[in-house]
Amino acid sequence: MSMFCFQCQEAAKNVGCSGSRGICGKSDRASDLMDLLVFVLRGMSFYVEQSKQLIDRKYGIFLVQGLFATITNANFDEDRIVELIRKGFVLRDELKVKAGPLAGVVVPECATWKENDKEAMVVKSKEVSPLSYDSNEDLRSLKALLLYGLKGIGAYADHAHELGFHNDEIFQFTAEALAAIDKALDANALVALVMKAGEVSVKTMALLDEANTSRYGHPEVTKVKLGVGKNPGILISGHDLRDMEDLLKQTEGTGVDVYTHSEMLPAHYYPNFKKYKHFVGNYGGSWWQQDKDFETFNGPILMTTNCIIPVKDSYKNRMFTTGMAGYPGLKHIGPRPEGGMKDFSAVIKLAKTCPAPKEIETGEIVGGFAHNQVMAVADKVVGAVKAGKIKRFVVMAGCDGRFNSRKYFTDVAQELPKDAVILTAGCAKYRYNKLPLGDIDGIPRVLDAGQCNDSYSLAVIALKLKEVFGLDDINKLPLSFDIAWYEQKAVCVLLALLYLGVKGIRLGPTLPAFVSPNIAKVLVENFDIKPITEPKQDVAAMMAGR
Ligand code: FSO
Ligand code: SF4
């Protein structure tokens, strides 16, 4: 059997990618190796559970980083996945010693498989695809939902870790949930774990919010420039703010400017980054448009996380990865030494030899409406609602993607009446953040809170509005959710919203391929999740509170 992967929204035919390459460009071999890496993480988790002790942070960090490396569009480099598998074997065997004798315990294969020869690894990896998680389609579906939520948790926990923030409960749950893949659990037990994943998703995003805001300040309303300057530049993409910090420090005074791309745009909203004069603006559009944007940018590009698309020869020599991101043939910037900074000198050296970026657009975009900032103007917002000037808030957070079906989100943004305000976070905003949608008494009609993880900020805003309006249920607010999903961080965000009690979420462009018809029914019945339909029809329903 060739690869099988159905973890993202662009899974082939909304069933799954198989054959020699996924729609994202991931090779058969990389996909299989990622399944094997998850298998090794399951083995580690088995021994964590058996030792009945709190997980040592060293293992917890490896679990979340290993999961992060398997997320869509983060790492395409087979050799780096093999390195992680090898390290995982070593850690698993250490945990086995800690767990001690296991008389009478059924030890799953993931905890015993020994082979670490590269070819044998690939053979083994053919057997550990998500299709092997259970012979029952619905139980398999729940295990996949749990795993993909965990991958999102892993990514956010790793960002928090890079900033020195940890919550051991997140690591402990990650191990508990990974170990569950190898257990014969019934649907109720798995649903309970999925709901707990929602609770842990909230905690992880809250931790990352605390890490980001305590280190860089609370995001402020900011106008971000879209044009370019005359100096050569470095384009930084992905989500890692610690990398952003190191790069800004190292480029200061060098004559090299720094621009953000895609999900790094919200870095401009943080006070501690605003102080850098050479932090010029945002260049280009959404992640899937990077092939065009990277070509005209002319200078080096640093990918700190996903989303990477297949790299073109025209800019291959100018592109770098770091952290859990990777791509064969690209230069990779290694980890930060204890107490120090990552070494971006090679990126800066190359930038100095490059022409300035080519201007592709001018103007500016406004963002920075995270919870602290919105609450600072809460009176104004509440006043506008009470005066009937704002009839409804529509949360349109999430991801963007390549397919034309996402035009739906642009159409909804345009179709919404002028007294509706869009709350957004994540790269989904690129479908409408450059449209002239206007404002309501100075409150812009698109309020961008930040990256996909800042969807947490939107939930905080909703919970505070519930309090301000004296409501006992978040679902009584004049608030609708029309969420665009693509990869596994969006699964984490979705589970967080469900855990917070949000009902009636519209989800698109399609429901996940890994959700079986029966599990989809459960989601519809318990949470009133609905697939998107036509923009006009959905706008009318949302404005009517449905
Ligand atoms: Fe987007 Fe990619 Fe941020 Fe995702 S750039 S799609 S959910 O990685 O993480 O929103
Ligand atoms: Fe296909 Fe998405 Fe998996 Fe890539 S990540 S192989 S596009 S399902």
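As a reminder, the structure under discussion sits directly above these lines.
Bear in mind the structure is a predicted one, so any value in this text is a computation, not a measurement.

1. Quick look at the side chain of arginine 445
Among the structural elements, arginine 445 can be located in the loop between β12 (443-444) and β13 (446-448). Buried within the structure, arginine 445 lacks any salt-bridge partner; its nearest side chain of opposite charge belongs to aspartate 419, at an N-O separation of 6.9 Å.

2. Considering the packing of aromatic side chains
Applying the stated rule across the entire model yields 17 aromatic pairs. Arranged with centres 5.9 Å apart and planes meeting at 40 degrees, the rings of phenylalanine 89 and tryptophan 113 form a pair that is tilted. Residue phenylalanine 89 is located in helix α3 (residues 78-99), and its partner tryptophan 113 is located in the loop between α3 and α4 (118-125); the two are separated by 24 residues in the primary sequence. The pair phenylalanine 89 / tryptophan 113 is uniform in exposure class, with both members buried. Ring centres of tyrosine 216 and tyrosine 270 lie 6.3 Å apart, and the angle between their planes is 75 degrees; this geometry places the pair in the edge-to-face category. Taken together, the residues tyrosine 216 in helix α7 (residues 187-216) and tyrosine 270 in the loop between β3 (257-260) and α9 (271-274) connect sequence positions 54 residues apart. In terms of burial, tyrosine 216 and tyrosine 270 fall into one category: buried. The rings of Phe4, Phe6, Tyr148, Trp485 and Phe514 are connected pair by pair, giving a single aromatic cluster. If you follow lysine 331 out to its NZ or CZ, it ends over the ring of phenylalanine 320, 5.0 Å from the centre.

3. Considerations on the site of ligand 2
The immediate surroundings of ligand 2 are formed by Met3, Cys5, Phe6, Gln7, Cys8, Ala11, Cys17, Gly22, Ile23, Cys24, Lys26 and Thr72. A breakdown of the residues in the shell around ligand 2 according to their chemical character gives eight nonpolar, three polar and one charged.

4. What to know about the packing of helix α15 (residues 407-415) against helix α19 (residues 535-543)
One way to put it is that α15 packs onto α19 with a least axis distance of 9 Å and a crossing angle of 50 degrees. The pairing of α15 with α19 is recorded here as oblique in orientation. Crossing angle aside, the handedness with which α15 passes α19 is right-handed. Within the contact between the two elements, α15 uses Tyr408, Asp411, Val412 and Glu415 and α19 uses Pro535, Lys536, Asp538, Val539 and Met542. Tallied by class, the residues present in the contact of α15 with α19 amount to five nonpolar, no polar and four charged.

5. Brief notes about the nonpolar core
If you look at the biggest cluster of nonpolar residues, it comprises 138 residues, and the most contacted ones within it are Ile85, Leu178, Phe393 and Phe514. Take this core: its biggest share by element is 13 residues, from helix α5 (residues 137-162). Those residues in contact with phenylalanine 514 that lie beyond four places of it in its chain are Phe6, Gln7, Ser141, Ala144, Leu145, Tyr148, Trp485 and Val491. In terms of nonpolar packing, the next biggest core, distinct from the first, is built from 24 residues, Tyr216, Val256, Ile333 and Val347 among them.

So, how was this worked out
Residues numbered from 1 in each chain as written. Chains lettered and ligands numbered in written order. Predicted model: local features only at pLDDT ≥ 70, side-chain atom pairs only at ≥ 80, totals over all residues. Heavy atoms only, no water. Helix = DSSP H or I, 4+ residues; strand = E, 2+ residues; numbered from the N terminus. Buried < 20%, exposed > 50% of the residue type's maximum accessible area, 1.4 Å probe, protein only. Lys, Arg positive; Asp, Glu negative; His and termini not counted. Salt bridge = Lys/Arg side-chain N within 4 Å of Asp/Glu carboxyl O. Phe/Tyr/Trp six-rings, centres within 6.5 Å; stacked < 30°, edge-to-face > 60°. Lys NZ or Arg CZ within 6 Å of the ring centre and 35° of its normal. Near = heavy atom within 4 Å. Nonpolar A, V, L, I, M, F, W, Y, C, P; charged D, E, K, R; others polar. Axes fitted to C-alpha atoms, helices over the stretch in contact; angles between N-to-C directions. Parallel < 35°, antiparallel > 145°, perpendicular 65-115°, else oblique. Left-handed = near helix turned anticlockwise from the far one by under 90°. Contact = heavy atoms within 4.5 Å. Core = buried A, V, L, I, M, F, W, Y, C linked by side-chain atoms within 4.5 Å.

The values reported here are purely geometric and, on their own, carry no functional implication.
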